Amino acid sequence: MSASGPFRPVRHALCLLAAFQDVITRITFVVAVIASAYLTLVLAWEVIARYALNNPTGWGPDTAAISFALITFCAAPMLAWKSGHANMNMVVNALPEHIAVWLQRFTWLLACTVCLIAAWFGFAELKRVFAGNVMMIAVTPIPKWWLMLAIVYALSNMGFYFLRHFLCTWADSRRQHDTGAT
């Protein structure tokens, strides 16, 4: 079946969804970069306020913690997309290619499943903390749903990137088969 066959509209729709996911990931990565700059400035100010002015802020450490979480959870999908995450592939590289491909597929599918299940549980918690107006335990009251939203976003987006990597192993395999490569 070629791209011009009956699956062409489905393929086109999936490509559009993938492009949309990539745009959202780029945007949230920019959020992570901004959060990183904010974290740097707030911590620098906190050091000056605490040690030079002897007047530490209450909001500094609280917002810095949220900023650190945003850095982590807004940047993680970019790492999953670009395969920049930790990849301990000594075993996969040592195996014969046909077995390595299947092990890699299993790994991508397992990562996808774990991320999406964790996102599902995270979404249930997000609904609970949002409905209960739960605040973080800190000097500055910050709604906890902000953090939960970032966690659910990261886990679900990473899960879909791992699914895309999994599906690409089949496309790469088919491409090699069609060209006669081994």
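Here the residue numbers are simple positions, counted from 1 along each chain's written sequence. Given that the model is predicted, a residue must reach a pLDDT of at least 70 before its local features are reported, and side-chain atom pairs must reach 80 or more before they are shown or counted; all residues, however, enter totals for whole chains, interfaces and linings. Side-chain metrics in this entry use all non-hydrogen atoms of the structure; hydrogen atoms and water are not considered.

Asker: Honestly, the side chain of Thr63 in this entry has me stumped. Any pointers?
Answerer: Numbering goes from the N terminus for both helices and strands, where a helix is a DSSP run of H or I of at least four residues and a strand is a run of E of at least two. Position of Thr63 relative to the elements: it lies in helix H2 (residues 59-81). Separated by 2.9 Å, the side chains of Thr63 and Tyr38 make a polar contact. Every residue pair with non-hydrogen atoms within 4.5 Å of one another is taken to be in contact. Excluding residues within four positions of it along the chain, Thr63 makes contact with Tyr38, Val42 and Ile142. N or O atoms within 3.5 Å of each other form a polar contact, as long as, within protein, one can give a hydrogen and the other can take it, and as long as residues adjacent in sequence are counted only when both atoms are side-chain atoms.

Asker: Explain the pattern of salt bridges here, please?
Answerer: Side chains that differ in charge, positive against negative, can pair when their charged atoms come close. Any carboxyl oxygen of Asp or Glu within 4 Å of a side-chain nitrogen of Lys or Arg constitutes a salt bridge here. The full count for this structure, using the stated rule, is three salt bridges. Asp22 is the salt-bridge partner of Arg164, the closest N and O atoms lying 2.8 Å from each other. Residue Arg164 is found in helix H5 (residues 145-179), and its partner Asp22 is found in helix H1 (residues 8-52); the two are separated by 142 residues along the sequence. Classification of Asp22 as buried rests on a relative accessible area of 11%. Among the salt bridges present, the one from Glu46 reaches Arg50, with a minimum N-O distance of 3.2 Å. You can see Glu46 and its partner Arg50 sitting in helix H1, four residues apart, about one turn around the helix. Throughout, exposure labels follow a simple rule: accessible area from a 1.4 Å probe, protein chains only, divided by the maximum for the residue type, with under 20% read as buried, over 50% as exposed, and the rest as partly exposed. With a relative accessible area of 8%, Glu46 lands in the buried category.

Asker: Looking at this model, I keep getting lost on unusual backbone geometry. Mind explaining?
Answerer: Generally, phi is negative for residues other than glycine and the peptide bonds are trans, each holding for most cases. In this structure, Asn54 takes a positive phi of about 55 degrees despite not being glycine. With respect to the element layout, Asn54 can be found in the loop between H1 and H2. Taking relative accessible area as the criterion, Asn54 reaches 66% and is therefore assigned exposed. With a phi close to 50 degrees, Asn133 is a non-glycine residue in the positive phi region. Structurally, the position occupied by Asn133 is in the loop between helix H4 (97-131) and H5. Under the relative-accessibility criterion, Asn133 is labelled partly exposed at 49%.

Asker: Explain the nonpolar core here, please?
Answerer: It is characteristic of soluble globular proteins that their nonpolar side chains tend to be buried jointly. Residue types Ala, Val, Leu, Ile, Met, Phe, Trp, Tyr and Cys, when buried and joined through side-chain atoms within 4.5 Å, form a set referred to as a nonpolar core. Residues Ala76, Met78, Ala80, Trp81, Trp108, Cys112, Cys115, Met158, Tyr161, Phe162 and Phe166 constitute the largest nonpolar core, which totals 11 residues. Put simply, the parts of the chain that give this core at least two residues each are H2, H4 and H5. Leave out the neighbours within four places in its chain, and Ala80 touches His85, Met158, Tyr161, Phe162 and His165. Counting residues in each nonpolar core, the second largest holds seven residues, with Val129, Leu147, Ile151 and Val152 among its members.

Asker: Looking at this model, I keep getting lost on the packing of aromatic side chains. Mind explaining?
Answerer: By convention here, two paired aromatic rings are described through the distance between centres and the angle between planes. Working definition: a ring pair exists when centres of Phe, Tyr or Trp rings (six-membered ring for Trp) sit within 6.5 Å. Plane angles under 30 degrees give stacked, over 60 give edge-to-face, the rest tilted. Summed over all chains, the structure comprises five aromatic pairs. Geometrically, the ring pair formed by Trp120 and Phe121 is edge-to-face, given 5.0 Å between the ring centres and 70 degrees between the ring planes. Ring geometry for Trp145 versus Trp146: centroids 4.9 Å apart, planes at 20 degrees, classification stacked. One aromatic cluster in this structure is built from Phe130, Trp145 and Trp146. A positively charged side chain is recorded as over a ring if its NZ (Lys) or CZ (Arg) lies within 6 Å of the ring centre. The angle to the ring normal must also be within 35 degrees. Note that Lys82 overlies the ring of Trp81, its terminal NZ or CZ placed 4.0 Å from the centroid. Between the NZ or CZ atom of Arg105 and the centre of the ring of Trp102, over which it lies, the distance is 4.8 Å.

Asker: Explain H2 to me, please; I cannot follow it from the model alone.
Answerer: Take the number of residues in a helix, subtract one, and multiply by 1.5 Å to get its expected span. Between its first and last C-alpha atoms H2 spans 34 Å; for 23 residues at 1.5 Å apiece the expected length is 33 Å, and the two agree. Ala75 marks the point of greatest bend in H2, at about 30 degrees, and the proline Pro77 comes within the next four residues. Just downstream of H2, Ser83 is the residue with a positive phi angle, here 55 degrees. We define the bend at any residue as the angle between the axes fitted to the seven residues before and including it, ending there, and the seven starting there.

None of the figures reported here should be taken as evidence of function without further support.
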